[in-house]
Amino acid sequence: MKKHSFARDRVIRLRRGQSIRLVCGIPIFTRRIALHPGEFVVATCNDSPNVIIVGCQSFDRRIRVHLFPGQQLIVSCHR
């Protein structure tokens, strides 16, 4: 599983069965979200003005997530 911080803006497309970890600061608390095909997450972090967008195959239905310092988000794409 790849790990990404909020050092820059990113757009990431996952295929079925793939996962990615988004980290805001030093991870203490973990949140998980499983996306269905067509869903995508727009994630922001308190420490950074940057945005990371992670989609599951395509980008049709948006879910917004805001992370606070010490949180990480594991995003997976349903099989």
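Asks: An account of the environment of I52 is needed here, citing residue identities and associated values.
Replies: Mapped onto the secondary structure, I52 falls in strand β6 (residues 48–56). Placed 19 residues apart in sequence, I52 and I33 show a C-alpha to C-alpha distance of 15 Å. Look past the residues within four positions of I52 in its chain and what remains in contact with it is H4, S5, F6, R8, R10, I12, L22, V41, V42 and A43.

Asks: Explain the side chain of Q72 to me, using residue names and the numbers behind them.
Replies: In this structure, Q72 sits in strand β8 (residues 71–77). A polar side-chain atom of Q72 sits 3.5 Å from a polar atom in the side chain of R21. Setting aside anything within four residues of it in sequence, one finds Q72 in contact with R21, L22, V23, P27, F29, T30 and R31.

Reading guide: rules and limits
- Residues numbered from 1 in each chain as written.
- Predicted model: local features only at pLDDT ≥ 70, side-chain atom pairs only at ≥ 80, totals over all residues.
- Heavy atoms only, no water.
- Helix = DSSP H or I, 4+ residues; strand = E, 2+ residues; numbered from the N terminus.
- Contact = heavy atoms within 4.5 Å.
- Polar contact = N/O pair within 3.5 Å; in protein donor to acceptor, adjacent residues only side chain to side chain.

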